[in-house]
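# Residue-level structure breakdown
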Amino acid sequence: MATTLLEQTRAGHEEAERLERLIVKDFRNELKGHKERLQQSHRVRDMLDIMQERAKRLAVIYQDEDNSRKDDIASLKVDPGDFKVFYDRVKDLKDYYRNRPIEVTEAENDELALREEPKVDFSGEEGQGRFLDLHEHYHTFINSKFGHSKEHAPKEYQEYVRTITDFAQIPRQHRISRPYRQYLQDILIYLEQFHDRTNPLGSLTKVYSKLGSDFDSSFEEGQVPGWEDRGAGQVPGQQGSPMDLQAFDTVEELESLGADALKDSLAKLGLKCGGTLRQRAERLMLTKTTPLDKLDRKLFAKGVIPAASQDSEQAAKQKAAAKEAALLECKIRLLLQDKDLLGKVVTDTLGNIEKKQARTYEELQAEQMEAEEEAAASDSDEEDDFIYNPLKLPLGWDGKPIPYWLYKLHGLNQEFECEICGGITYWGRRAFERHFREYRHQASMRVLGIPNTKNFYEITKVADAQKLWKNIQDREKPGHKVEVDEEYEDADGNVYNRKTYEDLRRQGLI
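Below is a short write-up of the structure. These figures come from a predicted structure and were not determined experimentally. Per chain, residues are indexed from 1 in the order of the written sequence. This being a predicted model, a pLDDT of at least 70 is required before a residue's local features are given, and a value of 80 or more before pairs of side-chain atoms are given or counted; all residues contribute to the totals for chains, interfaces and linings. Excluded from the side-chain calculation are hydrogens and water; included are all heavy atoms of the structure.

On to the overall build of the chain. Only DSSP runs of H or I with at least four residues qualify as helices, and only runs of E with at least two residues qualify as strands; both kinds are numbered from the N terminus onward. Helices and strands together make up the secondary structure of the chain, namely 22 helices and four strands. Expressed as a percentage of its 510 residues, the buried residues of the chain come to 29%. Two residues form a contact once any of their heavy atoms are found within 4.5 Å. Summarising the internal contacts of the chain: among those between residues at least 6 apart in sequence, 51% fall at separations of at least 24. For accessible areas, the Shrake-Rupley method is used with a probe of radius 1.4 Å. Any residue's cover is judged against the shown protein chains and nothing else. In the form shown here, the chain has an accessible surface area of approximately 35000 Å², with 51% of it arising from carbon and sulfur atoms. Here's how the labels work: a residue is buried when its accessible area is under 20% of the maximum for its type, exposed when over 50%, partly exposed in between, all with a 1.4 Å probe on protein chains only.

In structure tokens:
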């Protein structure tokens, strides 16, 4: 309860210091993955917002425009022995808690605040903030005049994401149109919101302020890429200017350049670029003797007004539209190409698109079901209580230690070490015997150049395995073997090899 401004001031400072300690404690926690880092950033962002709100309230109190804080301090300056103000405040406190007996002040639980999981909304395509979801803007692009071309097939989504900052591919007459500027505005709003959701502790204000201070001067000087003419049409002598027609005297000479070269020159001048090769050459040849402002308006493409024929109001309006479009393009290019902002996310998005294209429908469906199950499990799981397990027994299916008699029955207290597997330890006879058929042991045997047969069962030392393999190779070497190749005949005329004959004679059978 804060009955005075001094008490409110003290409570505000105390709350700010508590939040500051919480932020420090949260940053000291060890994080395991992307989701935990994202939740920590949003927790810290929420606490910083609360601290800013408290700071604004304290600033209003310290300004003391109505002199209430000064009066509150003056009320404390009383003569020694005069406790009237003190008893009045004690009476207010008693009345307050008499009317509100349930309210009891308790210490804040920091652990609950640090375990809080802020809810951040992401679409399925965004993958918890790891990828961009530009499908809506992609459909807007391919269904618009500035993104649709009769000469070229519509872009695929992957190509659109890769070339989204290549604004020079869009014809000039469309880049200053209102639909194009609205398209850029929608993309910028989405990217800013995505950056705010994935990097809540970051701020684009400083980035935009630096860009804005440099942009105005660069645009006026014609140094913004793609807008060297400041939206007024091509400037002679600059890159992308129309060809020099002084080297051509007839239409036939222009026809020798080809339809594509004529089309590019006509487009740069804002003239219609359709028709046959002859019509294009004739239209371009007109510009050699006739200024653009004197040409028939029917020769210009739709929406193009020659710069020379514009009045001051039209020129200012076109320049303002061009400047707005150029600024939007610069912001989008900055966000998507800077590795510290969203540049890495664009690279990951392209990788994710290629990964999805290589999967079948069944694999995509299985992945989606697995993601939904993980999300449901994370929402339903509660914090487990501390499990007392001094003997470090293995955990069962219920997450609790198995009984000790079962632990002894399966021999899980016995330790087996396999030197061939790199010193891996196996607990229990069953796991030890099973590991001889597993990939790790088989691969280690192949590295030693020894086949993993039943002869090497329960051989765990490298030296023992090599020695046994050498003995097997020696036995299988071709050549004369006395015990097998020498033959003996008994009194009855039966023929035996030496080993069999000696065995039967020792037994007294021959």
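Let's pick the thread back up.
Next up on the list: the pattern of salt bridges. By definition, a salt bridge exists where a carboxyl oxygen of Asp or Glu is found within 4 Å of a side-chain nitrogen of Lys or Arg. Enumeration according to the criterion identifies 24 salt bridges in this entry. Measuring nitrogen to oxygen at the nearest pair gives 3.2 Å for the salt bridge that ties Asp95 to Lys91. With a gap of four residues between them, Asp95 and Lys91 both fall in helix α4 (residues 84-99), about one helical turn apart. Residues Glu324 and Arg181 are paired through a salt bridge, measuring 3.2 Å at the closest nitrogen-oxygen approach. Of the two residues, Glu324 sits in helix α14 (residues 312-337) while Arg181 sits in helix α9 (residues 178-198), which places them 143 residues apart along the sequence. Salt bridges here are not isolated pairs; linked through shared partners, they connect Glu252, Glu255, Arg278 and Glu282.

On to unusual backbone geometry, then. In this structure, Asn67 takes a positive phi of about 65 degrees despite not being glycine. With respect to the helices, strands and loops of the structure, Asn67 is situated in the loop between α2 (34-63) and α3 (68-76). Judged by its relative accessible area of 37%, Asn67 falls in the partly exposed class. The phi dihedral of Gln128 is positive, around 55 degrees, even though this residue is not glycine. Structurally, Gln128 is set in the loop between α5 (110-114) and α6 (135-142).

What follows covers the nonpolar core. Note on terminology: a nonpolar core comprises buried Ala, Val, Leu, Ile, Met, Phe, Trp, Tyr and Cys residues joined through side-chain atoms within 4.5 Å. Counting residues in each nonpolar core, the largest one holds 42 residues, and the members touching the most others are Leu132, Tyr160 and Leu191. If you list the elements that add at least two residues to this core, you get α6, α7 (157-162), α9, α10 (205-220), α14 and α15 (343-357). Judged by nonpolar contacts, the second largest core, of 13 residues, contains Leu266, Ala281, Met285 and Leu295.

Turning our attention to the pairing of strand β2 (residues 424-427). Only when DSSP finds a minimum of two bridges between them are two strands counted as paired. Relative to β2, strand β1 (residues 415-418) is paired through four bridges, and the arrangement is antiparallel. Note that in β2 the partner of Glu417 across the bridge is Thr425. Connecting β1 to the antiparallel partner β2 that follows it, the hairpin turn spans five residues, and Gly422 within it adopts a positive phi of roughly 95 degrees.

This paragraph deals with the packing of helix α12 (residues 259-269) against helix α13 (residues 277-289). Here α12 crosses α13 at 40 degrees, and the two axes come no closer than 10 Å. Accordingly, the angle class assigned to the pair α12 and α13 is oblique. Seen from above, α12 lies across α13 with left-handed handedness. Here α12 contributes Ala259, Asp260, Leu262, Lys263, Ser265, Leu266 and Leu269 to the contact with α13, which in turn contributes Leu277, Arg280, Ala281, Arg283, Leu284 and Thr287. Residues belonging to the contact of α12 with α13 are distributed by class as follows: seven nonpolar, two polar and four charged. Here the axes come from fitting lines to C-alpha atoms, over the contacting stretch only for helices, and the angles between their N-to-C directions go from 0 to 180 degrees. For this classification, under 35 degrees means roughly parallel, over 145 means roughly antiparallel, 65 to 115 means roughly perpendicular, and everything else is oblique. A clockwise turn of the near helix away from the far one marks a right-handed crossing, whereas an anticlockwise turn of less than a right angle marks a left-handed crossing. By the convention adopted, Pro, Cys, Tyr, Trp, Phe, Met, Ile, Leu, Val and Ala count as nonpolar, Lys, Arg, Asp and Glu as charged, and the other residues, Gly among them, as polar.

With that settled, consider the side chain of Ser144. Examined against the element boundaries, Ser144 turns out to sit in the loop between α6 and α7. For Ser144, a relative accessible area of 13% puts it in the buried group. Whenever a nitrogen or oxygen atom comes within 3.5 Å of another N or O atom, the pair is scored as a polar contact, on the condition that within protein one atom can donate a hydrogen and the other can accept it, and that pairs from neighbouring residues in sequence are kept only if both atoms are in side chains. In terms of polar contacts, Ser144 uses its side chain to reach the backbone carbonyl oxygen of Phe141, at 2.7 Å.

We now examine a negative patch on the surface. Together, Glu415, Glu417, Glu419 and Asp464 line one region of the surface with negative charge. Turning to its location among the elements, Glu417 is positioned in strand β1. Residues enter patches when their relative accessible area tops 30% and they take part in no salt bridge; the joining distance is 9 Å for like charges and 5 Å for the nonpolar side chains Val, Leu, Ile, Met, Phe, Trp and Tyr. Charged residues are defined narrowly, with Lys and Arg counted positive, Asp and Glu counted negative, and His plus the chain ends left uncounted. Note on charges: their place is set at NZ of Lys, CZ of Arg, CG of Asp or CD of Glu.

Moving on to the state of the cysteines. Any pair of cysteine sulfurs within 2.5 Å is marked as a disulfide. For the coordinates displayed, the defined rule picks out zero disulfides. Of all cysteine sulfurs, the one in Cys421 lies closest to Cys418, which takes part in no disulfide; the gap is 3.5 Å. Classification of Cys418 as buried rests on a relative accessible area of 0%.

So, on to a nonpolar patch on the surface. A cluster of nonpolar side chains, contributed by Phe27, Leu48 and Leu201, occupies part of the molecular surface with about 260 Å² of accessible area. One can find Leu48 in helix α2.

Before going further, it helps to spend a moment on empty space enclosed by the protein. A probe as big as a water molecule, rolled over the atoms, marks out the empty space that is left. A 1.4 Å probe that fits but cannot get out identifies a cavity on a 1 Å grid over protein atoms alone, an open set with protein on both sides within 12 Å along at least five of seven lines counts as a pocket, and a residue lines either if it has an atom within 4 Å of a point. Grid points are joined across faces, edges and corners, and a volume is the space filled by probe spheres set on the points. As enumerated under the stated definition, the model contains one cavity of 30 Å³ or more in all. If you add up the space inside the largest cavity, you get close to 60 Å³. Here the residues of the lining of the largest cavity are counted per class, giving six nonpolar, two polar and two charged.

Here Glu156 shows up in the loop between α6 and α7. Look at Glu156 and you get exposed, because its relative accessible area is 59%. Sequence spacing of Glu156 and Tyr138 is 18 residues, and the spatial spacing of their C-alpha atoms is 8.9 Å.

Attention now goes to the packing of helix α1 (residues 5-28) against α2. Helix packing geometry: the angle between the two helix axes and the distance between the axes. Where α1 contacts α2, the axes come no closer than 10 Å and their chain directions differ by 160 degrees. By the angle class used here, α1 and α2 are roughly antiparallel. When you trace α1 past α2, the crossing you get is left-handed. Looking at the contact of α1 with α2 residue by residue, the classes come out as 14 nonpolar, five polar and five charged.

Put simply, two rings from Phe, Tyr or Trp (the six-membered ring, in Trp's case) pair if the centres are within 6.5 Å, and we call them stacked under 30 degrees between planes, edge-to-face over 60, tilted for the rest. On inspection of all chains with the given rule, the structure shows 16 aromatic pairs. The interplanar angle of 40 degrees and the centroid separation of 5.9 Å between the aromatic rings of Phe141 and Tyr183 together place this pair among those described as tilted. Placement of the pair is Phe141 in helix α6 and Tyr183 in helix α9, with a sequence separation of 42 residues. Like Phe141, the residue Tyr183 is buried in the burial classification. Through pairs of rings, three or more aromatic residues link up here, namely Tyr138, Phe141, Phe146, Tyr157, Tyr160, Tyr180 and Tyr183. Directly above the aromatic system of Tyr208 lies the positively charged group of Lys331, at a separation of 4.6 Å from the ring centroid. In our convention, an over-ring charge means Lys NZ or Arg CZ found within 6 Å of a ring centre and within 35 degrees of that ring's normal.

Next up on the list: the side chain of Arg283. Within the secondary structure, Arg283 is located in helix α13. The buried charged residue Arg283 lacks any salt bridge, with Glu282 as its nearest oppositely charged partner at 7.7 Å. Once residues within four sequence positions are removed from consideration, Arg283 is found in contact with Leu266, Leu271, Lys272, Cys273, Gly274 and Leu299.

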